[in-house]
Amino acid sequence: DVCSSDLAPPPSSPKLGWREGVLVPVLLNIWGVIMFLRLGWVAGQAGLGLATLIVVASNVVTTITALSLCAICTNGIVRGGGAYYLISRALGPAFGGAIGVLFYVAQAVAVSMYVVGFAESLLDIFKQGGGDPFTGDWAWDQRIIGLITTTVLLGVALIGVGWYAKFQVVLLVILIAAIVSVIIGAFVPSIPDAIENAAAGFVGYGVNDGNVGAQFVADTTTLSSHGFFTVFAVFFPAVTGIMAGANMSGDLQDASSAIPKGTLIGIVITFVSYVALLWIVGSACDRCVGASCSDADYGTVEWATRVGGTDAEPTGGLVYNTLIMQNLSLWAPLVYAGVFAATLSSALASLVGAPRILQALARDNLFPALFRFSQDDKPGEPLDREPIRGYFLTYLVAQACVLIGELNLIAPLISNFFMIAYALTNYATFASSVAEAPGWRPSFPYYHPYLSAVGSLLCVLIMFAFDWLASLLSVLICVGLFQYVTWVAPDVPDWGPAGNARKYITAVKAMSALIKDGEQNTHTKTFRPAFLVLTGEMNHRSHLARFASRLYKGRGIMVCGDIVLPHDLGVEAGGEPEVHDIFKVVQSRRKAGLAFLRSEKLGSESVQRHCFMEAVYARNIRVGLINLMTIGGMGGLRTNTVVLGFKQDWYKSDKSDIAQFEVMLTDVLFYNYGLVVLRDDDRVFGEGFEATTPFESVIENNERRPGSTAPVPRPLAPGEKPVIDVWWLTDDGGLTILLPHLLKLSSQFKNYDLRVVTTGDWSDPTMSRIVTKRESTLIHALTMFRIKATVEVVQSNPTQAPQQDSIDAFMALLPDCEAFSESTGWRGPYPSEKVPVAMAEVHADASAAAA
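Basis of the calculations
- Residues numbered from 1 in each chain as written.
- Predicted model: local features only at pLDDT ≥ 70, side-chain atom pairs only at ≥ 80, totals over all residues.
- Heavy atoms only, no water.
- Disulfide = S-S within 2.5 Å.
- Buried < 20%, exposed > 50% of the residue type's maximum accessible area, 1.4 Å probe, protein only.
- Helix = DSSP H or I, 4+ residues; strand = E, 2+ residues; numbered from the N terminus.
- Expected span 1.5 Å × (residues − 1).
- Arc of directions from axis to C-beta.
- Pairing = 2+ DSSP bridges.
- Axes fitted to C-alpha atoms, helices over the stretch in contact; angles between N-to-C directions.
- Contact = heavy atoms within 4.5 Å.
- Core = buried A, V, L, I, M, F, W, Y, C linked by side-chain atoms within 4.5 Å.

Taken as a whole and assessed by the stated rule, the structure comprises 1 disulfide. Paired through a disulfide, C288 and C293 show a sulfur-sulfur distance of 1.7 Å. Between C288 and C293 the sulfur-sulfur dihedral comes to about -60°; the bridge is accordingly left-handed. No difference in accessibility class separates C288 from C293, as the two residues are buried.

Time to look at helix α20 (residues 579-597). The periodicity of an α-helix, 3.6 residues per turn, causes residues three or four places apart in sequence to face the same way. Here α20 is 19 residues long and its end C-alpha atoms lie 27 Å apart, about the 27 Å a rise of 1.5 Å per residue gives. Inspection of α20 places I582, V586, R589, G593, F596 and L597 among the buried residues, and these make up the whole buried set. Each buried residue of α20 lies within a common arc of 100° when the element is viewed along its axis, so the set occupies one face. What points out from α20, more than 90 degrees from its buried face, is the exposed set H580, F583, K584 and K591.

Time to look at the sheet that holds strand β11 (residues 753-760). If you walk across this open sheet you meet the 3 strands as β10-β11-β12, and the pairing is parallel. Of all the strands in the sheet, the pair left with one neighbour each is β10 (723-727) and β12 (790-795). Between one strand axis and the next, the sheet turns by 30° as a mean value, whatever way the strands run. Pairing geometry for β10 and β11, over 5 bridges, is parallel. Paired with W727 across the strands is V757, a residue of β11. Contacts between helix α26 (residues 735-745) and the sheet are confined to β10 and β11, with β10 contributing the most and set at about 170° to the helix.

Attention now moves to the pairing of strand β4 (residues 558-564). Judged by how many residues are buried, β4 sits mostly within the fold: 7 of 7 residues are covered. Side chains M558, C560, D562 and V564 project from β4 onto one buried face, and the interleaved V559, G561 and I563 project onto a second face that is buried too. When strand β3 (residues 531-534) meets β4, the two strands line up parallel, connected through 4 bridges. Residue pairing across strands places F531 opposite M558, the latter belonging to β4. Relative to strand β5 (residues 611-617), β4 runs parallel, the two sharing 7 bridges. Bridge assignment links V559 to a residue of β5, and that residue is F612.

Omega for the bond connecting I191 with P192 falls within 30 degrees of zero, at -5°, which places this linkage in the cis form. Among the secondary structure elements, P192 is positioned in the loop between α7 (161-185) and α8 (194-200). If you check the backbone angles, L223 has positive phi at about 60° while not being a glycine. Here L223 is to be found in the loop between α8 and α9 (228-235). Residues other than glycine seldom take positive phi values, yet N365 does so here, at roughly 60°. Relative to the helices and strands, N365 is located in the loop between α13 (332-363) and α14 (388-404). Under the relative-accessibility criterion, N365 is labelled partly exposed at 34%.

Pairing in this open sheet of 5 strands is parallel, and the strands run β5-β4-β3-β8-β9 from one edge to the other. In this open sheet, the two edge strands, each paired with only one partner strand, are β5 and β9 (674-678). Each neighbouring strand pair of the sheet contributes to a mean axis angle of 25°, computed without reference to strand direction. Bridge analysis of strand β8 (residues 641-645) against β9 gives 5 bridges, and the strand direction is parallel. Each residue of the ladder has a partner; that of V643, found in β9, is V676.

We now examine the nonpolar core. Of all hydrophobic cores here, the largest spans 153 residues; its most connected members are F36, F235 and Y274. Per-element tally for this core: the top contributor is α13, with 18 residues. In this structure, F235 is in contact with I34, L39, V42, I54, V55, S58 and Y274, ignoring residues within four places of it in sequence. If you look at the next biggest cluster of nonpolar residues, it comprises 32 residues, including V676, L742, F749 and Y752.

Next up, the structure:
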């Protein structure tokens, strides 16, 4: 569900129903100033045919977006934050954070745009009446009126949503009265005076050709030519107020029901009214009134250059009289009142909606610098209180933009921010649907995922068709915010975004593709070592995980296995633990291991992506290992190589412990797994060492670990390059060569040389030929493997007794062993007969070569 992370009821009941909370704001935002000042211009430029197409196309985009919005709203409880809340819960914090910032900025700057529009309309009345600027400069008059208007609107917003809703209703009544006055007055061209109306362009029905065809003309002020898309760009912002009700989601009694009902009804009403007004105004008025309208080159850039700013410039008609609706109205002041109501209502809706978006964004703490605007920093305060700090920040932004005055430069950017929000709303519905998550169950049935996808694409195409440069800049800003939130990775609850659900489907399909005829489809060329690492609890054998993580260049998975034994649950030998105790401990240790694997202790994020954790309960270690090998992985994504630590205390262990360790090695090979035994290398991969720690510095700075049976390598001589030695004793298929090669690819060992060491006895001529052939074969194999390494042969004679210095070094590691007899060999048994007499021969020459 959209809000599955927060299903608790709100702390107090919201105030607004679907009519005053959604329908009224939607109507007021769509019935904006464009309807009064630009609808006639659209009809005059595009003609009634193409103008109707523009209105229909605009409403198709907004209707698809509204259907997507309804689907998301009815898929769970909707809290405050409007479009930000819906998109963030559907697509995740990165998308939500980016669109939250953009949508807030768009709404805050939109306040100033609507206020400036109100100030301009008010000053036009003074200009037409012959008045003079009261400051001596019309630009400063506009700024002062804008500052005062914004302050008054802030006062209305601070009173509360109840007064806001009542004020909106008053403005809606004025708007409806103005629209009705225009519709009725269009049939009476003689009111107030037929000659005056005709000079303005209002001639009544049946006088002209109906203005059905298009006639695009150049602008006499900017000298820019117009076409279908430029006219479309002028009109489209008129219908983008569909989210005015959604922005109030935190103040609605039932947002999941109110938003769909109020938004869709508002779209239907405004669509019908726009089409009706378009045909009424376009049919009753001429396109152009003036002597130059009949020029042969009328409408061209040359004509606009010639007549612009002169007495020959037309002043009447649909194209040149932006306030032609006042001539159609039964009472002209009603149109001015409608313009004032449209601008003030839109400004107020943005001033009230923007702080709520900011508050929701701050509460999620995606941007820590904004947390103060959440107003959750005072204990005991209700969580649904008014965003007072957000009001004042929005007020300051709006006042600054009013003082700047040049809003035409940023207006396209703000419109694009809205379009990006609409595109992501459609995409959120599409992504949630195709993810096929069982939790996607919107109660609103009238949507289709692919229709939402088309709507998202249309939003992007329309945005770039209007102004590709501003659109590109808008997209870059959005991508930058998205990357920032992704990089910061804020600590937010799991909102269950559609992307996570889709990843699951993708992963299942990918694992299925790895299977062929029921078997794992692994070719020699695509083989990857996938490690099952017997770490146990991470604080015991974390060096095993670090060692396997250095092999991540093979891009195989690494599953760290933890085996929970009966004594870990406090159960005596032969006893059976409680099932819930097993589950509790297994889950706890799995989570602890996973937390380590996802920490910086293991390595970079690219390393962490290949690491997983699994814990099982078993009566002994061997059964646990078999369970892990049996269930480790899924489908074709399974482990194939076991990594376990060397049994350091073998010389003082019970026979049963040693036997169990030996049979575990046999089990691994029986299951056709590769086998890696890491012998006391926690000097290199132990706690506290970074992935780039040079091996030689570890040797110099760390003493032998107590109980270690591994010899400490000598420090490197000056200028000597470190070496990874590989002892090739038999052909194992290449794993012995592949793993050191992968180890060398890691940052810790990238400066090491690879040396392959094999044994042989060249004292006998026959054996010497065999040794030479083995060396050639090994060199050829390395060439075929495309692995850069040197080959070295070490003298070995199994019939010759070990040298005394090797024996002395070995005995020093085993102080509990009895003395060695040169005549009879090892004199056993070991103390308490713990370990059978078994020792590999150690040769001084071999040890020197390895070092």
